[in-house]
Amino acid sequence: MKINFEKSFNLDSDNKGVLIVSAYDENVLSTGAQAVDVQTQGMIRRAIESSSFKGKKDEILSVMCPHNISFSQLIVIGLGKKEDLSLKGLEENGAKAMSVLMKSALSSVTFDISDDKICPIGVAYFASGMDLRSWKFDKYKTVDVNSSKGPSSITAITPDVALSEATFARRFAVNEGNRLTRHVVSEPPNVLYPKSMAAQAKELEALGVKVEILGEEEMKKLGMNALLGVGQGSQFESQLIVMNWNGGDSNQTPLAIVGKGVTFDSGGISIKPSANMEDMKYDMGGSGVVLGLMKALALRKAKANVVGVMGMVENMPSGTAQRPADVVKSMSGQTIEVINTDAEGRLVLADALWYTQDRFKPSEMINLATLTGAITVALGYEYAGLFSNNDQLAERLFSVGGDVGEPVWRFPMGKQYDRDIDSDIADVKNVGSGRGAGSITAAQFLQRFVNNVPWAHLDIAGMAWDKKDKPLTGKGATGFGVRLLDAFIEKHYEN
Ligand code: BES
Ligand code: ZN
Ligand code: ZN
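The model shown is predicted, which means the values in this text are computed figures rather than measured ones.

A. Region of the structure containing the coordination of the zinc ion (ligand 3). Ligation of the zinc ion (ligand 3) by protein atoms is provided by K260 (NZ), D265 (OD), D283 (OD) and E344 (OE), these donors lying 2.0 to 2.4 Å from the ion. Taken together, the 6 donor atoms coordinating the zinc ion (ligand 3) and their angles of 77 to 174 degrees define a geometry best described as octahedral. Each donor residue of the zinc ion (ligand 3) belongs to the same chain, with the gaps between them written as K-x4-D-x17-D-x60-E. The buried category is assigned to K260, whose relative accessible area is 1%.

Okay, here's the thing in structure tokens:
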């Protein structure tokens, strides 16, 4: 969304849109709101007095304006206590305002939250929240398409136009990446399958990302039978998508990000129950984050070298599908007994992770996967599971996750759990013998394919999609992970 930053606005100008101002806890009006209140003979004060509005964070008071004011509607947004203000909080405020505006028919919006406590950077974060929340997935709607499009023009009032613009541009790049992730995750599985995902990746070439696509022939030659076995029941050809963003020094070893990309997980021969099976279109959420992240890095010209790898397959039952009891030989040479064809993500990642470390020798490797239902039993829909063979890497991810509002929680790993996946006839089996610790045994499985590279696995099964309204992203695909990894790269790979 295009946002114009300007130093001031005029209440008398010919504007028929929405004006947004702000108030703090206990109804302390910000400077901008006070000015409007004075010019309107106390309209804001009167509106507040006749309502239950208290200025608490994300509270909204909406007033229709009288005819002598050029705006049609005034919205007061609560920013909460002054001492609790943060950039993240302001971004959420902006998103909250946009969630209201998305239901409005008015197309032009001006916001003025200016105050001594709010710097031009804060204004840009508020604008970023509006931008992030303005996305929606309505490409398949053919009726009622225009009923709520959201605003088409936004003017932000700031004391320093240049600083706000520069800050917003940086946020906008990440928002664009997040939107691309949400887009591919929202697409139905008859539209988004391995090759169409490859086509999405190819589009990033225009931004300077190098993109290579490996088809089934090439993967066969490399011995990637674990990945290929998952896709062998599908009409769609499996793909390994390899992207490189080289914005850092040529001698800097890259960071590698690897994503599970199961474009539909029916369970395969170990077929899933039909209730909620449609959710399994988002089983490519990990790969979606890798794609969106690469776009964000390219748009903001990140000074880092990052490899993004996506293992794309569709898991279907058919006469050619993999069976429970099959044994496959992975690219690493380790053999895997497939006990349950629904534990397919780890099979895809086994080869994608091995390939990535073998070819790129990354300094660190992070994978994202909607890997286990068990992670939602443990953490619900509030944290992603974090598993790592490296304390320092885990600490850094934990800390950045808290900063950007994409929190992760670390789980233990260890030999005790590893024994659970030893197979009687092969090197490893794809599910644990015991019933418990399903997310940990899955992580133990992955660890056997990282060759001791510092590695972290984010189980985002509970985070890639939300049935409830999330402050920044609403319902549906969240893009969880793009902001986290973007900030992680900025903090630890660029300087
Ligand atoms: N894609 C699922 C995990 C999942 C569940 C993602 C819910 C998002 C929401 C994964 O492939 C799977 O089916 N895992 C099984 C593992 C089991 C067979 C050991 C599970 O979680 O039940
Ligand atoms: Zn599965
Ligand atoms: Zn899956």
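Next, the rest of the story.
B. Representation of helix α12 (residues 391–404). If you check α12, its first and last C-alpha atoms are 20 Å apart, about what 14 residues at 1.5 Å a residue would give, namely 20 Å. Within α12, burial applies to L393, A394, R396, L397, V400, G401 and V404. In an axial view of α12, the angular spread of the buried residues amounts to 165 degrees, which keeps them on one side of the axis. Turned more than 90 degrees off the buried face of α12, the exposed positions are D391, Q392 and E395. The inward-facing, buried residues of α12 contact α3 (87–101), β14 (364–369), β15 (384–388), β16 (408–410), β18 (455–459) and α15 (482–492). The backbone nitrogen of Q392 has a side-chain oxygen 3.1 Å away, supplied by the residue at the start of α12, namely N390. Backbone geometry just after α12 places G405 at a positive phi near 80 degrees.

C. Quick peek at the layout of surface pockets. Each pocket or cavity is described by its volume, and for the largest pocket that value is around 690 Å³. For the largest pocket, the lining is made up of 31 residues, of which K272, L371, T372, G373 and A374 are closest to its centre. Those elements that place two or more of their residues in the lining of the largest pocket are β10 (255–265), α11 (374–379), α14 (438–447) and β19 (465–470). Its residues assigned to classes, the lining of the largest pocket comprises 9 nonpolar, 10 polar and 12 charged. Considering only enclosed or pocket space, the second largest pocket measures out at about 410 Å³ in volume.

D. Spatial organisation of the sheet that holds strand β8 (residues 210–214). Spatially, the 8 strands line up as an open sheet ordered β8-β9-β11-β10-β14-β18-β15-β16, and their pairing is mixed. Edge positions in the sheet fall to β8 and β16, since each has one partner strand and no second. Across the sheet, the mean angle separating the axes of adjacent strands is 20 degrees when strand polarity is ignored. The pairing of β14 with β18 spans 5 bridges and is classified as parallel. Residue pairing across strands places I366 opposite A456, the latter belonging to β18. Sheet strands touched by helix α10 (residues 345–360): β8, β9 (239–246), β10, β11 (305–315), β14 and β18. Its angle to β10, the strand with the most contacts, is close to 155 degrees. Across the face of the sheet, α14 comes into contact with β14, β15 and β18 while running at roughly 145 degrees to β18.

E. Structural context of the coordination of the zinc ion (ligand 2). All of the protein donors around the zinc ion (ligand 2) are D265 (OD), D342 (O), D342 (OD) and E344 (OE); their distances to the metal are 2.0 to 2.2 Å. Around the zinc ion (ligand 2), the 6 donor atoms sit at angles spanning 72 to 166 degrees, and that spread fits a shape best called irregular. All donors of the zinc ion (ligand 2) belong to a single chain; written as a sequence motif, their spacing is D-x76-D-x1-E. Here the zinc ion (ligand 2) and the zinc ion (ligand 3) are spaced 3.2 Å apart, linked through D265, which binds each one. On the criterion of sequence distance, the pair formed by D265 in strand β10 and D342 in the loop between β13 (335–337) and α10 is long-range, its members being 77 residues apart.

F. Examining the site of ligand 1 more closely. Looking at ligand 1, there are 16 residues lining it, with K272, D283, D342, E344 and G373 nearest. Separating an oxygen atom of ligand 1 from a side-chain N or O atom of K272 is a distance of 2.8 Å. Burial of ligand 1 by the protein chains amounts to 77% of its free accessible area of 520 Å². The cavity where ligand 1 resides is the largest pocket.

G. Structural context of α3. The end-to-end C-alpha separation of α3 is 21 Å, in line with the 21 Å expected for 15 residues at 1.5 Å each. Of all 15 residues in α3, 11 are buried; the element is thus mostly enclosed. Among the residues making up α3, those that are buried are G89, L90, E91, E92, N93, G94, A95, A97, M98, S99 and L101.

Cut-offs and rules
Residues numbered from 1 in each chain as written. Chains lettered and ligands numbered in written order. Predicted model: local features only at pLDDT ≥ 70, side-chain atom pairs only at ≥ 80, totals over all residues. Heavy atoms only, no water. Donors = N, O, S within 2.8 Å, 3.2 Å for Na, K, Ca; no water. Tetrahedral: all angles 85-135°; square planar, octahedral: opposite > 155°, others 65-115°. Buried < 20%, exposed > 50% of the residue type's maximum accessible area, 1.4 Å probe, protein only. Helix = DSSP H or I, 4+ residues; strand = E, 2+ residues; numbered from the N terminus. Expected span 1.5 Å × (residues − 1). Arc of directions from axis to C-beta. Contact = heavy atoms within 4.5 Å. Polar contact = N/O pair within 3.5 Å; in protein donor to acceptor, adjacent residues only side chain to side chain. 1 Å grid on protein atoms, 1.4 Å probe; cavity = no way out; pocket = protein on both sides within 12 Å on 5 of 7 lines; lining within 4 Å. Points joined across faces, edges and corners; volume = space filled by probe spheres on them. Nonpolar A, V, L, I, M, F, W, Y, C, P; charged D, E, K, R; others polar. Pairing = 2+ DSSP bridges. Axes fitted to C-alpha atoms, helices over the stretch in contact; angles between N-to-C directions. Near = heavy atom within 4 Å. Areas by Shrake-Rupley, 256 points an atom, 1.4 Å probe, with all protein chains shown as cover. Sits in = over half its atoms within 2 Å of the grid points.

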